[in-house]
Amino acid sequence: MLQAVFLLLHLSKTFIPLHALDISESQQAEHGCPESCFCFESVNGGLLVRCSNMQLITLPHGLPNNTQHLYLNNNLLVTIPTDSFLDLPLLCKLDISHNRLNHLEPGAFRGLADSLVSLDLSYNQLETLDPNVLGDIRAQTNLSHNPWLCDCRLQLTMPQLLLDPSSLSEVMCNSSEPEELGAQGVPFILIATDVDFCGALRKTTDVVMLVTMFGWFAMVISYLVYYVRYNQEDDERHIEYLKFLPRAGQKSVSTHSTWL
């Protein structure tokens, strides 16, 4: 009797995943999901699209335009091109964590300003963010566990985001610009409140410009000195040459004495 019960339990565990798989395949055919993704209809009529753990190196094509939740986590994505989600006006949650992202093109999230609520970019290879990348989106964003270069661009971009409070301590500076700020290993939120990266960069830029201008000034002075010396030497050579030229009066006197 006990063996029969255990057998029934085992069969029930076996058939449930198969049944769920059959449903997902039918929904995939119905909603036209990409081959590398699975689609599930949510309670409010939107679509949940899961493309996780599929070894994707590019974004899937043909995502349904009623997608509300998109999971692209645990893949091999390196970049997000411009206008990647422009045809997903209802997208409110986007998970691109645990990839190899090192570059986000300007306008990558264009079209999501009115819908996106949650954006997960954690566990990637991002070093900095250009303000043009995020556009007008105000989604709660997870930027933790990336090798951030804490610089002026990152400091300008951060206020545009509603950072996930639970991830703030994990947004660490892997390096900084300028380097002498010594931000390595420090949470960006702590150092950004005390350091003006853009101001420090301007000071560094001013010093570089000053050094460059001094270098150009020194080059101009060197050229002028060379030019004056060269002209002086040329004038001296010309004067010496004129000294050795026979004068017209001397030549006529010597000719007259010969006739006498």
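Anything mentioned here points back to the structure above.
Everything quoted here is computed from the prediction, not taken from an experiment.

Caption draft 1: Examining the sheet that holds strand β10 (residues 162-163) more closely. If you walk across this open sheet you meet the 7 strands as β1-β2-β3-β5-β7-β8-β10, and the pairing is mixed. Of all the strands in the sheet, the pair left with one neighbour each is β1 (38-41) and β10. For strand β8 (residues 140-142) and β10, the ladder comprises 2 bridges, and the chain directions are parallel. Residue threonine 141 lies in a different strand from β10, and its bridge partner there is leucine 163.

Caption draft 2: Quick look at the pattern of salt bridges. Overall, the coordinates contain 2 salt bridges when judged by the stated rule. Across the pair aspartate 83 and arginine 110 runs a salt bridge, and its minimum N-O distance is 2.7 Å. Here aspartate 83 is found in the loop between β4 (79-80) and β5 (93-95), whereas its partner arginine 110 is found in the loop between β6 (103-104) and β7 (118-120), with 27 residues between them in sequence. Judged by relative accessible area, arginine 110 falls into the partly exposed class, the value being 43%.

Caption draft 3: Layout of the layout of surface pockets. The calculated volume of the largest pocket comes to roughly 300 Å³. Together, 16 residues line the largest pocket, and Leu59, Pro60, His61, Leu63 and Ser84 are the ones closest to its centre. In the lining of the largest pocket, the residues fall into 9 nonpolar, 5 polar and 2 charged.

Caption draft 4: Region of interest: the side chain of asparagine 124. Position of asparagine 124 relative to the elements: it lies in the loop between β7 and α2 (131-134). Its relative accessible area of 2% is what places asparagine 124 among the buried residues. From its side chain, asparagine 124 meets the backbone oxygen of leucine 121 in a polar contact 3.0 Å long. Setting aside anything within four residues of it in sequence, one finds asparagine 124 in contact with Ile96, Ser97, His98, Asn99, Arg100, Leu101, His145, Asn146 and Pro147.

Caption draft 5: Looking closely at the nonpolar core. Residues Leu70, Leu72, Phe85, Leu94, Ile96 and Phe109 are the most contacted members of the largest nonpolar core, which totals 46 residues. Of all the elements in the fold, those that place two or more residues in this core are β2 (47-50), α2, β9 (148-150) and α4 (188-191). Phenylalanine 109 has contacts with Phe85, Leu94, Ile96, Leu104, Leu119, Leu121, Val133, Leu134 and Ile137, leaving out every residue within four places of it along the chain.

Caption draft 6: Quick peek at a nonpolar patch on the surface. Judged by side-chain polarity, Phe38, Phe40 and Met54 come together as a nonpolar surface patch covering roughly 230 Å² of accessible area. Tracing the backbone through its elements, the reader meets phenylalanine 38 in strand β1.

Caption draft 7: Representation of the pairing of β2 within the structure. Only one face of β2 is buried, namely the one carrying Leu47 and Val49, since none of Leu48 and Arg50 on the opposite face is buried. As defined by bridge partners, β1 adjoins β2 across 4 bridges and the pair is classed as antiparallel. Bridging across to β2, phenylalanine 40 finds its partner in leucine 48. Hairpin connection, β1 to β2: the antiparallel pair is bridged by 5 residues, and glycine 45 has positive phi, about 95°. Looking at chain direction, β2 and strand β3 (residues 67-71) are connected through 4 bridges and run parallel. From the neighbouring strand, leucine 47 faces β3, where its bridge partner is threonine 67.

About the criteria used
Per-chain numbering applies: the sequence of each chain, read as written, is numbered from 1 onward. Selection of residues for local features in this predicted model requires a pLDDT of at least 70, selection of side-chain atom pairs for listing and counting requires 80 or more, and totals for whole chains, interfaces and linings are taken over all residues. To get the side-chain values, take all heavy atoms of the structure and skip hydrogens and water. For two strands to be treated as a pair, DSSP must find at least two bridges joining them. Only runs of H or I of at least four residues qualify as helices and only runs of E of at least two qualify as strands under DSSP, and these elements are numbered from the N terminus. We count a salt bridge whenever a side-chain nitrogen from Lys or Arg sits within 4 Å of a carboxyl oxygen from Asp or Glu. The classification of residues rests on relative accessible area computed with a 1.4 Å probe and restricted to protein chains. Under 20% of the type maximum is buried, over 50% is exposed, and intermediate values are partly exposed. Think of a 1 Å grid over just the protein atoms. A cavity is a set of points where a 1.4 Å probe fits yet cannot get out, a pocket is an open set with protein on both sides within 12 Å along at least five of seven lines, and lining residues have an atom within 4 Å of a point. Grid points are joined across faces, edges and corners, and a volume is the space filled by probe spheres set on the points. All amino acids are sorted into three groups, where Ala, Val, Leu, Ile, Met, Phe, Trp, Tyr, Cys and Pro are nonpolar, Asp, Glu, Lys and Arg are charged, and the leftover types, Gly among them, are polar. N or O atoms closer than or at 3.5 Å make up a polar contact, with two conditions inside protein: a donor-capable atom paired with an acceptor-capable one, and, for residues adjacent in sequence, both atoms drawn from side chains. Two residues qualify as a contact provided that any one of their heavy atoms is within 4.5 Å of a heavy atom in the partner residue. What makes a nonpolar core is a set of buried Ala, Val, Leu, Ile, Met, Phe, Trp, Tyr and Cys residues whose side-chain atoms join them at distances within 4.5 Å. A patch consists of residues whose relative accessible area exceeds 30% and which take part in no salt bridge; residues with like charges are grouped when within 9 Å of each other, and nonpolar side chains (Val, Leu, Ile, Met, Phe, Trp, Tyr) when within 5 Å. Values of accessible area rely on a 1.4 Å probe in the Shrake-Rupley scheme; residue burial ignores everything except the protein chains shown.

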